[in-house]
Protein chains: 2
Amino acid sequence: MKFSKIPTATITRLSRYSRALEELEAREIKVISSEKLAQYCEVNSAQIRKDLAYFGEFGVRGVGYVVKELLFEIKKILGLNKIWRLGIIGMGNLGCALVAHSNFPKQGYEFVAAFDIDPQKIGKIVPPGFPISPLSDLKDLARQKGIEIAVISTPAVKAQEVVNLVVEVPIRGILNFAPVQLHVPEGFVVHHIDFTVKLDKLAYRLVSLNVPSPANTVLQPHLISKHLL
Amino acid sequence: MKFSKIPTATITRLSRYSRALEELEAREIKVISSEKLAQYCEVNSAQIRKDLAYFGEFGVRGVGYVVKELLFEIKKILGLNKIWRLGIIGMGNLGCALVAHSNFPKQGYEFVAAFDIDPQKIGKIVPPGFPISPLSDLKDLARQKGIEIAVISTPAVKAQEVVNLVVEVPIRGILNFAPVQLHVPEGFVVHHIDFTVKLDKLAYRLVSLNVPSPANTVLQPHLISKHLL
């Protein structure tokens with residue numbers, strides 16, 4: 001398996017397949033054809049087969065995929081057959097929202113520590129059931145709790161400073177919510193979450209579907225519905 | 001221009017090109033070759049040319065793209081040559097973090113109203129400079145302020161109930177942060193933000209690069225660095 005040759009878009013789609021399969025499993029659907037799964041994920045079935053082909057042979061010709069098995073295999077491919085331990089730095093509104101968000105534990109991500117520099121916040125218990133620690137404890141706690149990914153939810157002006165501490169621990173994976181580009185030494189992986197990228201897609205769709213301005217206009221009933229997983 | 005034939009992935013990449021071009025513009029770079037732009041956006045240059053070809057002819061052979069012009073054209077394509085007016089519903093930690101987040105105005109999205117049902121929150125002034133309104137005012141305020149996109153940041157259990165009100169207004173575009181699948185009638189566009197999809201990519205990269213567990217292990221220095229826009 002040559003990881004380096006696998007397109008990023010394939011990995012993003014594997015994530016979507018995995019979430020779709022989880023939903024199918026919850027609905028007690030045992031087997032699904034690649035056509036049905038494709039429809040569910042809003043891709044074409046050739047794409048699913050091509051994406052999976054990077055990793056081996058899955059499914060039975062003429063039958064489809066066994067939901068439970070394919071889910072297991074995709075999670076293994078994505079490295080999600082384990083719990084990932086997260087430490088979060090910056091416990092403002094966004095940090096507090098993130099540690100309380102049910103998607104993280106549901107998808108195999110567990111917050112094990114939270115950090116801030118504000119004495120008013122330090123010691124406060126957050127939803128997973130541990131207190132906010134001073135940032136000066138990052139190195140010790142990261143080792144003690146085995147933090148694998150640092151989630152940065154500080155203000156933009158503080159983010160680089162915090163990342164400089166993170167790479168010293170070292171914590172190799174960084175998920176950045178701060179609206180700023182972060183610089184890390186070679187050997188670290190930073191992904192940046194920018195909420196507005198999804199808004200761009202939404203805006204484009206509204207424009208391309210010719211949705212009129214909402215104020216004092218008659219709405220046209222011919223627009224298509226779209227739900228992305 | 002046949003909008004319906006344009007792949008979603010192309011739109012996502014246009015968003016990335018647009019952000020890259022903004023950065024180049026800020027650095028006062030006037031012209032960029034498609035190879036350099038491709039490198040900057042972590043795609044190949046054929047992909048950029050293919051994506052842009054859906055919308056017309058851009059750039060000058062042997063020279064490249066004029067940064068300012070291409071940025072203008074992409075923004076026009078994405079419908080970002082205007083300010084989009086957002087209303088946000090659910091002013092818990094996440095809602096408060098979102099209205100205060102500098103990326104929205106920077107990218108052309110303006111929060112014009114915020115709603116909640118908690119009497120303790122109603123009337124409180126949020127960073128853009130307006131008070132949180134009771135949810136019962138949604139219809140009136142949406143018309144008055146011309147809300148085009150509703151941002152849902154309520155708890156999961158409340159989200160569908162809120163969306164039922166949103167579609168009655170009607171507001172056609174919905175950005176959903178609640179960890180739940182929302183059902184809307186035909187003619188509405190819902191996009192869902194799931195923070196953990198980016199974490200899946202990050203986890204995959206850490207696994208595929210063979211990053212060892214951080215606790216009591218020697219770290220290997222051969223991992224590549226990666227920054228996604």
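From a predicted model like this one, the values you see are computed outputs, not experimental measurements.

Reading the values: the criteria
Residues numbered from 1 in each chain as written. Chains lettered and ligands numbered in written order. Predicted model: local features only at pLDDT ≥ 70, side-chain atom pairs only at ≥ 80, totals over all residues. Heavy atoms only, no water. Phe/Tyr/Trp six-rings, centres within 6.5 Å; stacked < 30°, edge-to-face > 60°. Helix = DSSP H or I, 4+ residues; strand = E, 2+ residues; numbered from the N terminus. Buried < 20%, exposed > 50% of the residue type's maximum accessible area, 1.4 Å probe, protein only. Expected span 1.5 Å × (residues − 1). Contact = heavy atoms within 4.5 Å. Patch = residues over 30% accessible without salt bridge, like charges linked within 9 Å, V, L, I, M, F, W, Y side chains within 5 Å. Areas by Shrake-Rupley, 256 points an atom, 1.4 Å probe, with all protein chains shown as cover. Salt bridge = Lys/Arg side-chain N within 4 Å of Asp/Glu carboxyl O. Core = buried A, V, L, I, M, F, W, Y, C linked by side-chain atoms within 4.5 Å.

Asker: Describe in detail the packing of aromatic side chains, supporting the description with residues and values.
Answerer: Scanning the model with the defined rule gives eleven aromatic pairs over all chains in all. With a centroid separation of 6.2 Å and 20° between ring planes, the pair formed by F195 of chain A and F104 of chain B is classed as stacked. You can see F195 of chain A sitting in helix α9 (residues 195-208) and its partner F104 of chain B sitting in helix α6 (residues 103-106), one on each of two chains. Since its relative accessible area comes to 3%, F195 of chain A is described here as buried.

Asker: Give a detailed account of helix α1 (residues 8-26) of chain B, specifying residues and quantitative values.
Answerer: With 19 residues, α1 of chain B ought to run about 27 Å at 1.5 Å a step, and its terminal C-alpha atoms sit 28 Å apart, in line with that. All of the buried residues along α1 of chain B are T10, I11, R13, L14, S15, Y17, S18, R19, A20, L21, E22 and L24 of chain B. Residues of α1 of chain B that are buried in the fold lie against α9 of chain A together with β1 (31-32), α2 (34-41), α3 (45-53) and α4 (67-78) of chain B.

Asker: Can you lay out a nonpolar patch on the surface for me, pointing to particular residues and giving the numbers?
Answerer: On the surface, a cluster of nonpolar side chains totalling about 300 Å² of accessible area is made up of V31, V60, V63 and V66 of chain A. As for its position among the elements, V31 of chain A is in strand β1 (residues 31-32).

Asker: Hey, could you go over the nonpolar core for me, with residue numbers and the actual values?
Answerer: Residues L37 and F195 of chain A together with L37 and F195 of chain B are the most contacted members of the largest nonpolar core, which totals 103 residues. Beyond its immediate chain neighbours, meaning those up to four positions away, L37 of chain A contacts A20, L21, L24, I32, I48, Y65 and L70 of chain A.

Asker: Explain unusual backbone geometry to me, and be specific about the residues and the numbers.
Answerer: Excluding glycine, residues mostly carry a negative phi; peptide bonds, for their part, are mostly trans. With an omega of -10°, the peptide bond running from V169 of chain A to P170 of chain A counts as cis. Of note in the backbone geometry, E28 of chain A takes a positive phi value of approximately 60° without being a glycine.

Asker: Just give me the short version of the side chain of T154 of chain B, but keep the residues and values in it.
Answerer: Structurally, T154 of chain B can be placed in the loop between β7 (149-152) and α8 (156-168). The residues touching T154 of chain B, leaving out its near neighbours within four places in the chain, are I89, G90, A159, V162 and A178 of chain B.

Asker: Residues and numbers for the pattern of salt bridges, please.
Answerer: When their charged atoms lie close together, side chains carrying opposite charge are able to pair. Counted under the stated rule, the structure contains 20 salt bridges over all chains. For E148 of chain A, the salt bridge is made with K82 of chain A, and the minimal N-O distance between the two is 2.2 Å. One end of the pair, E148 of chain A, is in the loop between α7 (138-145) and β7 (149-152); the other, K82 of chain A, is in the loop between α4 (67-78) and β3 (84-89), and 66 residues separate them in sequence. Among the residues examined, E148 of chain A registers a relative accessible area of 9% and is labelled buried. For K82 of chain A, a relative accessible area of 32% puts it in the partly exposed group. As a salt-bridge pair, K75 of chain B and E22 of chain B come within 2.8 Å of each other at their nearest N and O atoms. A residue pair is termed long-range when its members are at least 10 positions apart, and K75 of chain B in helix α4 and E22 of chain B in helix α1 qualify at 53 residues. Through salt bridges with shared partners, a single ionic network connects R19 of chain A together with D194 and D200 of chain B.

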